[in-house]
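Residue-level structural notes
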Amino acid sequence: MTELDHPSVDRPTPVPFEGTQRFWEEASAGRLTLQRCEAGHVQFYPRRHCRFCGETELSELTASGEGTVHTFSVVYRAAHDGFVARVPYVFAIVDLPEGPRVTANIVDIDPESVHVGMRVEATFDDVVGELTLPQFKPASTGSGSNNSHLA
Amino acid sequence: MTPTRGDRKSWSGQVAIAGVYESALRKAPGVHPFEIQAECVLGALKDAGLQLKDVDGFATAASLEAEGAGPFAVIELAEYLGIQPTYIDSTDIGGAAPISQIGHAAAAIAAGLADVVVVSYAANSYSSSVRWGERTEAVELEGPGQFETPYGRTIPAAFGLAATRHMHEYGTKPEHLAQVAVTCRTNAANNPNARFRHAITISDVLDGPMISTPFHRLDCCVVTDSGGAVVLMSAERAANAPKKPVSLLGFGEAVHQQWLNQAESFVSTPGLVSGRRAFEQAGLTPGDIDVAQLYDANTFTPLLALEDLGFCKRGESGDFVADGGISPGGTLPINTDGGGLSSNHPGRRGIFTVIESVRQLRGEGPGTQIQGAEVALAHAFGGELSSCATLILGA
């Protein structure tokens, strides 16, 4: 059991548009996707151009799913009704080895045990409406990777 | 002196604030924010010896929850007040917006686009039942916010994770944060309108309920119903004003990001840029500042501001505060009216950082008056580490 076993229908739900549809489709399949431009920049969140150089030829990059907690805050007072039942929860910024950062909750761990620099891995169990919300949990010992990204 | 194209320094000293007004309100259920704006605009004009008919420029930001207007806020407020301005600004960069609008107005006055500009702000955040962010959430979820909003971002959490990173990198302690709250409360003691005036200790702060790590309740600003306004004009015209005008010496603004997952740093902010530009324009350095109002949405933002503006080295703001640097007798007294942490915070504290700066330079500070203050600095953040605006003022 995790703190994710609560009704999730009341949480703010992403509304995909054409440019983000691919990300959410891949997330439902257990994969975290980023974009790479012709000049080699890797970005998140998806856009129609590279935010670093303006290049419009972008290709998809499937992330390893590994990450490191860059920083976080444990929320004890929720602002949104959909989160009241989840308090305390961890609101975090995770560094990906591919370059970008993502926002996530750190799950499957006592919130007070989360620390900066902690190794985490992506998990795809959090279903909100019809979408899967990528989250991060403590990296398993050893390689710390899951195999959901294998082609 | 005729402004030279591209020469920012040209309007330094050419524009003044001739009138200010902060509402005495803090809890005002049933009062609409427009009514508070009108009280403040009329009060600031009276302070400047003027009337509504003298106003040809107007700026406000009032399209968020508890601010009373929609997207055409500046039009609706102008109508409510009874003016039809020919210089208009509703720049919205969050809590820094009023400082930004003041900087823009100064450039406009120097360029001859306006003679008398009023910049005002009000909100009824204490009494309003609408949650901050509620009106914009649907739009956020349809855009880039879909990658952050679903994870339960709150304002304290956004600043909290920045504070957490700062503590990790530099050893900043909860006691350092708490000291900021204690200092602001000390300054609020004599301010008759401050929301909270009774003294608190570091233990009071650290023993309080946790809101979002590392912030306890007293690490977070008050929430009020209130407002404020300032009146700007040329220095030449201000010389005839009934009260001592305050000269605008330097201004800077900068925008970095909206969503935290796009931030390059959580231990520095656009204040690095806005501060540098303001000091450059004014031809001054941090050592020249006698008193500073550093927007305190929580106890951490002033620490960031101290570092970004160059009052201490990166990472050393905790020690600076622990050594008494920001107290009334310290190197750089801050938030002399009690700040957002103890006096007033209806939403965009930027306006109050400027009002208090003017009051300090006039010798009219309602909380702690810094004797002989001649150069003041007002600095505000917008959003969560998203934007900053800095204003330097001189007696």
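Preceding this section is the structure that the text describes.
Right, let's walk through the structure included here. (Residues numbered from 1 in each chain as written. Chains lettered and ligands numbered in written order. Predicted model: local features only at pLDDT ≥ 70, side-chain atom pairs only at ≥ 80, totals over all residues. Heavy atoms only, no water.)

Glancing now at the packing of aromatic side chains. Given two aromatic rings, one states the distance between the centres and the angle between the planes to describe the pair. Considering all chains together, one arrives at nine aromatic pairs over all chains under this definition. Judged by centre distance (5.4 Å) and plane angle (5 degrees), the rings of A:Trp24 and B:Phe147 are stacked. Of this pair, A:Trp24 sits in helix α1 (residues 18-28) while B:Phe147 sits in the loop between α4 (137-141) and α5 (155-170), each in a different chain. Centroid distance A:Tyr45 to B:Phe147: 6.0 Å. Interplanar angle 5 degrees. Geometry classified as stacked. Linking A:Tyr45 in the loop between β2 (42-43) and β3 (58-62) with B:Phe147 in the loop between α4 and α5, this pair reaches from one chain into another. Owing to a relative accessible area of 11%, A:Tyr45 belongs among the buried residues under this scheme. What makes B:Phe147 buried here is its relative accessible area of 3%. Within the aromatic cluster, the residues linked to one another by ring pairs are A:Phe23, A:Trp24, A:Phe44, A:Tyr45 and B:Phe147. Of note, A:Arg47 hangs over the ring of A:Tyr45, and the distance from its end group to the ring centre comes to 4.0 Å. (Phe/Tyr/Trp six-rings, centres within 6.5 Å; stacked < 30°, edge-to-face > 60°. Helix = DSSP H or I, 4+ residues; strand = E, 2+ residues; numbered from the N terminus. Buried < 20%, exposed > 50% of the residue type's maximum accessible area, 1.4 Å probe, protein only. Lys NZ or Arg CZ within 6 Å of the ring centre and 35° of its normal.)

Further remarks concern the sheet that holds β2(A). Residues and elements named next belong to chain A. Spatially, the three strands line up as an open sheet ordered β2-β1-β3, and their pairing is antiparallel. Bordering the open sheet on either side are β2 and β3, each of which pairs with just one other strand. Pairing of strand β1 (residues 33-37) with β2 involves two bridges; the strand directions are antiparallel. When the sheet's bridge partners are listed, Arg36 is paired in β2 with Val42. (Pairing = 2+ DSSP bridges.)

This part is about helix α6 (residues 174-188) of chain B. Because each turn of an α-helix spans 3.6 residues, side chains separated by three or four positions end up pointing in the same direction. All names here are of chain B. With 15 residues, α6 extends 22 Å from end C-alpha to end C-alpha; this agrees with the ideal 21 Å at 1.5 Å per step. Of all the positions in α6, only His176, Leu177, Ala178, Val180, Ala181, Val182, Thr183, Cys184, Arg185, Asn187 and Ala188 are classed as buried. Those residues of α6 that are buried lie in contact with α5, α7 (202-206), β6 (215-216), α10 (301-308), α11 (317-322) and α12 (339-342). (Expected span 1.5 Å × (residues − 1). Contact = heavy atoms within 4.5 Å.)

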